[in-house]
Amino acid sequence: MERTKISEIWNPELIGKDVCVKGWVRTRRGNKHVQFVALNDGSTIKNIQIVFDMEKFTEDQLKPITTGASLHVEGKLVESQGKGQTAEIQAETLEIYGTADVNDYPLQKKGHTLEFLREKAHLRPRTNTFGAVLRIRHTLAFAIHKFFNDHGFFYLNTPLITSSDCEGAGAMFQVTTLDLNNVPKGEDGKVDYSQDFFGKPASLTVSGQLEGELGATALGAIYTFGPTFRAENSNTPRHLAEFWMIEPEVAFNDINDNMQLAEDFIKYCINYALENAADDIEFLAKMYDEELVDRLKSVVSHEFVRLTYTEGVKILEESGHKFEFPVYWGADLQSEHERFLVEEHFKRPVILTDYPKEIKAFYMKQNDDGKTVRAMDVLFPKIGEIIGGSEREESYDKLLARIDELGIPMKDMWWYLDTRRFGTVPHSGFGLGFERLLLFVTGMTNIRDVIPFPRTPNNCEF
Ligand code: 4AD
Ligand code: MG
């Protein structure tokens, strides 16, 4: 008999029909007359209840049905008497694919802590929480591609291995095939990269933006969506060493167009999740964060505040609030500052613009004041910075001057500078941290809990 996914079983037309389901046991309970098994196949947060009439099955047959075991069951789908359930299956046949020893299988009881589950990252997708998070992750990935496709953007695949440091923060993972125990050195005592795989130093990318700009100045509007690597040694609940970033880049957009795109895009994603992942979001809200759904709805229904960094700093300085990190004009804002503006002061998302050039990357468009650049960070409740972006410096001379000033090796940048030499145009873009968006939509509070296999300092298990 053809298998029905549990997500498809709640269909009134199937009531009274014979069905086949396959999945993993969540719980078994009952007595010597009747046994109940809650089965889940990952397609939905909802379990289907299987009822075993003990006149048709023996104790021995059901004994291997413990939490974590995998089953194939056929039987009749009937309306359920139990509260909260609409249907259940009266088992006729049972096949046990695999058992899960009660003494060894780690996910026996309900209500394991998230810390415990991080240690069991290989099995945690089988829990309700991670099933919900991973389905929402998929739903949002799909929404992102849909949004850009519907708005005429082209999906551009930028390289993961690169020879340039986009953000200039020097937090890159090096890629090499040199024997680290016997590194070839030149006469100057430095590593001889001519013997390395690419004939020069190479790293994992921290951003696809620079190559994205090559795409945008050819195709008009592109977006990237891929893994990004940063060797920042920041063990925080908001940083990963490997995270996913979405980077749209649009020719002819100025910073105002860029802000509008960011706001429309992020609201679309949150709305899409509310409409298409409601069961999972409600489950997480019930388990972890009662205000989750209200917070999501509030963000999509209010305009984001737009103000300059200078105005933001003034509000922070005048707030009288005691911050752990000092705040003054020129300081890089910490998440406590960002969250104060969003959660305490404005009570909605804020787009902060025109940051001091010293704390932003070389490619941002320079303002006439000589001090600030046309940067924009989108700040969110509970998260802080969720998006970072800017209008780009399109003047060849100004860009070159900034590159010189910062001592960025020119030989690495010739291809980027060519976009400004040949048919340069105003253009803008931004990067959304996918896991930060997921933190917001799921209500999870640690970024390690919204990616299937987190990579953080001292953590690279599989
Ligand atoms: O602000 P960032 O560094 O901006 C860029 O990389 C630009 N090149 C983007 C662009 O304009 N195309 O990073 C963008 C976003 C941040 O706002 C944050 O959401 C996320 O990426 N992010 C991280 N997420 C998880 N772990 C980390 N270590 C992250 N670093 C940045
Ligand atoms: Mg940033």
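Residues numbered from 1 in each chain as written. Chains lettered and ligands numbered in written order. Predicted model: local features only at pLDDT ≥ 70, side-chain atom pairs only at ≥ 80, totals over all residues. Heavy atoms only, no water.

Trainee: Sorry if this is basic, but what is going on with the overall build of the chain here?
Mentor: Counting its regular elements, the chain contains 12 helices and 16 strands. In terms of overall dimensions, the chain has a C-alpha envelope of 85 × 55 × 45 Å along the principal axes. Looking at the 462 residues of the chain, the share that counts as buried comes to 50%. Long-range pairs, those at least 24 residues apart, make up 66% of the contacts in the chain with a sequence separation of at least 6. Put simply, the chain shows about 22900 Å² of open surface, and 49% of that area lies on carbon and sulfur atoms. Here the chain carries 52 positive and 71 negative side-chain charges, and the mean point of each set is 4 Å from the other. (Helix = DSSP H or I, 4+ residues; strand = E, 2+ residues; numbered from the N terminus. Buried < 20%, exposed > 50% of the residue type's maximum accessible area, 1.4 Å probe, protein only. Contact = heavy atoms within 4.5 Å. Areas by Shrake-Rupley, 256 points an atom, 1.4 Å probe, with all protein chains shown as cover. Lys, Arg positive; Asp, Glu negative; His and termini not counted. Charge placed at Lys NZ, Arg CZ, Asp CG, Glu CD.)

Trainee: Explain the packing of helix 3 (residues 128–150) against helix 5 (residues 255–276) to me, please; I cannot follow it from the model alone.
Mentor: Any two packed helices are characterised by the angle at which their axes cross and by the distance between the axes. Packing of helix 3 against helix 5 brings their axes to within 9 Å, and their N-to-C directions diverge by 135°. Looking at the two axes, helix 3 sits oblique to helix 5. Considering only the axes of helix 3 and helix 5, their crossing is right-handed. Together, Thr139, Leu140, Phe142, Ala143, Ile144, Lys146, Phe147, Phe148 and Asp150 of helix 3 and Leu261, Asp264, Phe265, Tyr268, Cys269, Tyr272, Ala273 and Asn276 of helix 5 make up the contact between the two elements. (Axes fitted to C-alpha atoms, helices over the stretch in contact; angles between N-to-C directions. Parallel < 35°, antiparallel > 145°, perpendicular 65-115°, else oblique. Left-handed = near helix turned anticlockwise from the far one by under 90°.)

Trainee: What is the right way to read the site of ligand 1 from this model?
Mentor: In the neighbourhood of ligand 1, 25 residues make up the surrounding shell, with Glu167, Gln209, Glu247, Glu385 and Ile386 lying closest. One nitrogen or oxygen atom from the side chain of glutamate 167 is found 2.7 Å from a nitrogen atom belonging to ligand 1. Its free accessible area being 630 Å², ligand 1 has 94% of it covered by the protein chains. Secondary-structure elements contributing two or more residues to the shell around ligand 1 are strand 11 (242–251), strand 15 (384–391) and strand 16 (427–433). Ranked by residues supplied to the shell around ligand 1, first place goes to strand 15 with five residues. Of the residues belonging to the shell around ligand 1, the class tally is nine nonpolar, eight polar and eight charged. (Near = heavy atom within 4 Å. Polar contact = N/O pair within 3.5 Å; in protein donor to acceptor, adjacent residues only side chain to side chain. Nonpolar A, V, L, I, M, F, W, Y, C, P; charged D, E, K, R; others polar.)

Trainee: In this structure, what is going on with empty space enclosed by the protein? I would like to understand it.
Mentor: Which parts of space are left empty comes out when a probe the size of a water molecule is rolled across the atoms. Throughout the structure, instances matching the rule amount to one cavity of 30 Å³ or more. By volume, the largest cavity is sized at about 30 Å³. Looking at the largest cavity, the residues that line it are Thr162, Ser164, Cys166, Thr205, Val206, Ser207, Leu210 and Glu211. Here the lining of the largest cavity is built from residues that sort into three nonpolar, four polar and one charged. (1 Å grid on protein atoms, 1.4 Å probe; cavity = no way out; pocket = protein on both sides within 12 Å on 5 of 7 lines; lining within 4 Å. Points joined across faces, edges and corners; volume = space filled by probe spheres on them.)

Trainee: What is the right way to look at the UniProt feature "domain: Aminoacyl-transfer RNA synthetases class-II family profile" (unreviewed entry) in the chain in this model?
Mentor: Here, the residues flagged by UniProt with the feature "domain: Aminoacyl-transfer RNA synthetases class-II family profile" (unreviewed entry) are residues 134–452. Split by type, residues 134–452 is 38% helix and 20% strand. Its first and last C-alpha atoms lie 7 Å apart. (UniProt positions renumbered as here; feature names shortened; annotations may be inferred.)

Trainee: Honestly, the sheet that holds strand 9 (residues 202–204) in this entry has me stumped. Any pointers?
Mentor: The strands making up a sheet associate through hydrogen bonds between their backbones, and the pairing can be parallel or antiparallel. Ordered in space as 7-9-8, the three strands form an open sheet in which the pairing is antiparallel. Taken across any chain shown, the strands that pair with only one partner, and hence form the sheet edges, are strand 7 (161–162) and strand 8 (174–175). (Pairing = 2+ DSSP bridges.)

Trainee: Whenever I open this one, the pattern of salt bridges confuses me. Can you help?
Mentor: A side chain of one charge can pair with a side chain of the opposite charge when the charged atoms of the two come close. In the structure shown here, the tally under the stated rule is 21 salt bridges. Measuring nitrogen to oxygen at the nearest pair gives 2.8 Å for the salt bridge that ties arginine 420 to glutamate 213. Taken together, the positions of arginine 420 in helix 11 (residues 414–421) and glutamate 213 in helix 4 (residues 209–219) put the pair 207 residues apart, joining distant regions of the chain. Both residues of the pair, arginine 420 and glutamate 213, belong to the buried class. (Salt bridge = Lys/Arg side-chain N within 4 Å of Asp/Glu carboxyl O.)

Trainee: Sorry if this is basic, but what is going on with the sheet that holds strand 2 (residues 34–40) here?
Mentor: On the basis of which strands lie adjacent, the closed barrel formed by five strands has the order 1-2-3-5-4 and mixed pairing. Neighbour-to-neighbour, the strand axes of the sheet open up by a mean angle of 55°, direction not taken into account. Alignment of strand 1 (residues 18–30) against strand 4 (residues 70–79), held across seven bridges, turns out to be antiparallel. Its bridge partner being in strand 4, tryptophan 24 is matched across the sheet by serine 70.

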